Amino acid sequence: MKDFDSNKRREFLKTSAILAGGAILSSIPLAGAYAAGRGTIKIALIGCGGRGTGAAFQALETKHDVKLVAMADAFRDRLDESYKSLFGKYGKSKVNVPESKKFVGFEGYKKAIAEADVVLLAAPPGFRPMHFEEAVKQNKHVFMEKPVATDSPGIRKVLAAAEEAKNKKLNVVVGLQRRYQNNYRETIKRIEDGAIGDIVSGQVYWNSGGVWVRPREANQTEMEYQMRNWYYFNWLCGDHITEQHVHNIDIANWVKNSYPVSAQGTGSRFQRTGKEYGEIFDNHTVEFLYADGTVIQSQCRHYEGTRNRVDESFQGTKGRVYLSANNSGRLWDYKGNVLYDHAGKNDPNPYQAEHDELFAAIAAGQYKFADAERSALSTMTSLLGRYATYSGQEIKWEDALNSNVDLMPETLAWDAMPKVLPDANGFYPVAIPGKTKVI
């Protein structure tokens, strides 16, 4: 793939403005597997963990004739748990997945995709590029969870597949659900209309106590252990600056209607330092620099016993804004006057809304959603931040995006070895700012 340079980014931003947040309307017939009026929309679930199962519930809760017909996961127990939960609620009328359509292992996704009109991609993020590429190759509409990759080669693969999906007019929605949340849509629309002037600074946060840990079990291979404990390995997760904080970083890019030109920052392992936490940091603080000189401050951490904060604030030349996932959206001028206050207590659940809108478009034969490219670039922004904190250096966008550092194992098999391995005491190598080279 050619280098994604400044000219390419400018072209993308022009297109983004035209698309108004990712929506494209087209009356040209779809090249995908489903044609309007054909009846039941068949879905396949790829990745049967908690988020994948949740996505399947939400797809089946839409008002359209949707049926789950195939499932794939690396682990049989995960697939079985998901199937039991889904079948227990809907029965065979909506969940018709015989044993022959339950695919287990690293290659099962290809067979599951072939059975469906729409695929739900929710395996660990490291697998997203290859799963998305295959779904587009097979002409399927896609819902995929964020983030969409964990390294730069993966981002470039997603960008290439996104271009192919556009050419084929395949709807793609990505689970950056704030894009489908009313308080964000309504508040950012007013920012775009100039309510608080030009955005000149901002702060985005995902500070929490951290997530689950799955201890090593007897007789696990190294590949199985890392797959089970995927959150703590960068080839699978991308670190929490990517897996979680991409939500807030995406809002910064949305508000700025652009992507950073560079990043610098700091991070470390301070509280979550045990071998069970793999190789990721537990804190990142990054300054993202945009082409107009704006600096967006990004902060995420996994510290127990400290203040949680998950929200976004921005300052413009005429006022400021506060946003959060709890339906808050407020604009002020610098005299303290409230310019807009989103009272969204009855707003639709954005996790459900993204599926409602996707399946409505598919059922109607509309090509309406092309989320993959901007989601890839917001994921890339989070990777830019990780590269900056791991290295302790200022990292340029083009250098980061064009990096050839590939985190994926050479071979995907239970007896194969990932690229990052523990030492004799069970500890994994961790980045050391000032010494670690990331690109």
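This is a predicted model, so every value here is computed, not measured. (Residues numbered from 1 in each chain as written. Predicted model: local features only at pLDDT ≥ 70, side-chain atom pairs only at ≥ 80, totals over all residues. Heavy atoms only, no water.)

1. Brief notes about the UniProt feature "domain: Gfo/Idh/MocA-like oxidoreductase N-terminal" (unreviewed entry) in the protein chain
Then comes step 1: The feature "domain: Gfo/Idh/MocA-like oxidoreductase N-terminal" (unreviewed entry), as annotated in UniProt, sits at residues 41-168 in this numbering.
Then comes step 2: Between the end C-alpha atoms of residues 41-168 the distance is 18 Å, and the span holds 47% helix and 20% strand. (UniProt positions renumbered as here; feature names shortened; annotations may be inferred. Helix = DSSP H or I, 4+ residues; strand = E, 2+ residues; numbered from the N terminus.)

2. So, the sheet that holds strand β4 (residues 118-121)
Then comes step 1: Spatially, β3-β2-β1-β4-β5-β6 is the arrangement adopted by the 6 strands of the open sheet, whose pairing is parallel. In this open sheet, the two strands that pair with only one neighbour each are β3 (102-104) and β6 (172-174). Adjacent strand axes in the sheet meet at a mean angle of 15° when their direction is disregarded.
Then comes step 2: Examined bridge by bridge, strand β5 (residues 141-144) and β6 share 3 bridges and lie parallel to one another. Note that in β6 the partner of Val-142 across the bridge is Val-172.
Then comes step 3: Packed onto the sheet, helix α3 (residues 76-90) meets β1 (41-46), β2 (66-73) and β3 and runs at close to 160° relative to β2. (Pairing = 2+ DSSP bridges. Axes fitted to C-alpha atoms, helices over the stretch in contact; angles between N-to-C directions. Contact = heavy atoms within 4.5 Å.)

3. Some thoughts on the domain arrangement of the protein chain
Then comes step 1: Structurally, the protein chain comprises domain 1 (38-178 + 355-369) and domain 2 (181-347 + 379-402).
Then comes step 2: Each of domain 1 and domain 2 has a C-alpha centre, and the two are 25 Å apart.
Then comes step 3: Taken together, the contact pairs 23 residues of domain 1 with 34 residues of domain 2.
Then comes step 4: Taking both sides of the interface into account, the surface hidden between domain 1 and domain 2 amounts to around 2300 Å²; carbon and sulfur atoms contribute 58%.
Then comes step 5: In terms of surface lost to domain 2, no three residues of domain 1 exceed Phe-75, Thr-150 and Arg-178, which account for 34% of the buried area on that side.
Then comes step 6: Counting across the domain 1 and domain 2 interface gives 4 salt bridges. (Domains from an automatic or database assignment. Buried area = accessible area lost by both parts, 1.4 Å probe. Salt bridge = Lys/Arg side-chain N within 4 Å of Asp/Glu carboxyl O.)

4. Considering the pattern of salt bridges
Then comes step 1: Here the structure, examined in full by the defined rule, presents 25 salt bridges.
Then comes step 2: As a salt-bridge pair, Lys-89 and Glu-61 come within 3.4 Å of each other at their nearest N and O atoms. In this pair, Lys-89 sits in helix α3 while Glu-61 sits in the loop between α2 (50-60) and β2, placing the two residues 28 residues apart along the sequence.
Then comes step 3: Residue classification places Lys-89 among the exposed residues on the basis of a relative accessible area of 51%.
Then comes step 4: Here Glu-61 falls in the partly exposed class, since its relative accessible area comes to 40%.
Then comes step 5: Taking the shortest distance from any N to any O, the salt bridge between Arg-228 and Asp-77 comes out at 2.9 Å. Remark: Asp-77 occurs in helix α3 and Arg-228 occurs in helix α8 (residues 222-228); sequence separation between them is 151 residues.
Then comes step 6: Overall, the relative accessible area of 22% leaves Arg-228 in the partly exposed class.
Then comes step 7: Looking at Asp-77, the relative accessible area reads 32%, which means it is partly exposed.
Then comes step 8: Overlapping salt bridges, with partners in common, bring together Arg-76, Asp-80, Glu-99 and Lys-102 in one network. (Buried < 20%, exposed > 50% of the residue type's maximum accessible area, 1.4 Å probe, protein only.)

5. Quick notes on the UniProt feature "domain: GFO/IDH/MocA-like oxidoreductase" (unreviewed entry) in the protein chain
Then comes step 1: The UniProt record marks residues 185-321 with the feature "domain: GFO/IDH/MocA-like oxidoreductase" (unreviewed entry), using the residue numbering of this structure.
Then comes step 2: Measuring from the first to the last C-alpha atom of residues 185-321 gives 13 Å, for a span that is 22% helix and 31% strand.

6. Here's the deal with the packing of helix α6 (residues 152-168) against helix α12 (residues 372-391)
Then comes step 1: Two elements in contact, α6 and α12, have axes whose closest approach is 9 Å; the angle formed by their N-to-C orientations is 170°. On the basis of their axis angle, the class for α6 and α12 is roughly antiparallel. Between α6 and α12, the contacting residues are Ser-152, Ile-155, Val-158, Leu-159, Ala-162 and Lys-166 on the first element and Ala-372, Glu-373, Ala-376, Leu-377, Thr-379, Met-380, Leu-383 and Tyr-387 on the second.
Then comes step 2: Considering only residue class, the contact of α6 with α12 consists of 10 nonpolar, 2 polar and 2 charged. (Parallel < 35°, antiparallel > 145°, perpendicular 65-115°, else oblique. Nonpolar A, V, L, I, M, F, W, Y, C, P; charged D, E, K, R; others polar.)

7. Focus on the side chain of Lys-256
Then comes step 1: Position of Lys-256 among the secondary structure elements: in helix α10 (residues 246-256).
Then comes step 2: Residue contacts for Lys-256: discarding those within four places in its chain leaves Ile-199, Tyr-290, Asp-292 and Thr-294.

8. Quick notes on the sheet that holds strand β7 (residues 199-208)
Then comes step 1: Spatially, β14-β13-β12-β11-β7-β10-β9-β8-β15 is the arrangement adopted by the 9 strands of the open sheet, whose pairing is mixed. The open sheet has two free edges, formed respectively by β14 (338-341) and β15 (395-396), since each of these has just one partner strand.
Then comes step 2: In the sheet, β7 pairs with strand β11 (residues 309-316) via 8 bridges, with the strands oriented antiparallel. Among the inter-strand pairings, Trp-206 is bridged to a residue of β11, identified as Val-310.
Then comes step 3: In the packing of helix α7 (residues 182-192) onto the sheet, contacts are made with β7, β11, β12 (319-324), β13 (328-333) and β14, and the angle to β12 comes to roughly 165°.

9. A few points about the pairing of strand β9 (residues 283-289)
Within a regular strand, the side chains alternate between the two sheet faces.
Then comes step 1: Relative to β9, strand β8 (residues 262-268) is paired through 7 bridges, and the arrangement is antiparallel. Each bridged residue has a counterpart across the sheet, and for Ser-268 the counterpart in β9 is Asn-283.
Then comes step 2: Bridge count for β9 against strand β10 (residues 295-302) is 7 bridges, and the pairing is antiparallel. Pairing of Asn-283 across the sheet is with Arg-301, part of β10.
Then comes step 3: Counting the residues that bridge the hairpin from β9 to β10 gives 5 residues, and of these Gly-293 lies at a positive phi of roughly 95°.

10. Some words on the side chain of Asn-248
Then comes step 1: Inspection of the secondary structure puts Asn-248 in helix α10.
Then comes step 2: Polar side-chain contacts of Asn-248 include one of 3.1 Å to the backbone oxygen of Tyr-205.
Then comes step 3: Beyond its immediate sequence surroundings of up to four residues, Asn-248 is in contact with Arg-178, Val-204, Tyr-205, Trp-206, Val-310, Asp-311 and Glu-312. (Polar contact = N/O pair within 3.5 Å; in protein donor to acceptor, adjacent residues only side chain to side chain.)

11. Considerations on the state of the cysteines
Then comes step 1: Counted by the stated rule, this structure contains 0 disulfides.
Then comes step 2: Note on Cys-237: no disulfide assigned, nearest cysteine sulfur contributed by Cys-300 at a separation of 11 Å.
Then comes step 3: Since its relative accessible area comes to 0%, Cys-237 is described here as buried.
Then comes step 4: Given the relative accessible area of 1%, Cys-300 is considered buried. (Disulfide = S-S within 2.5 Å.)

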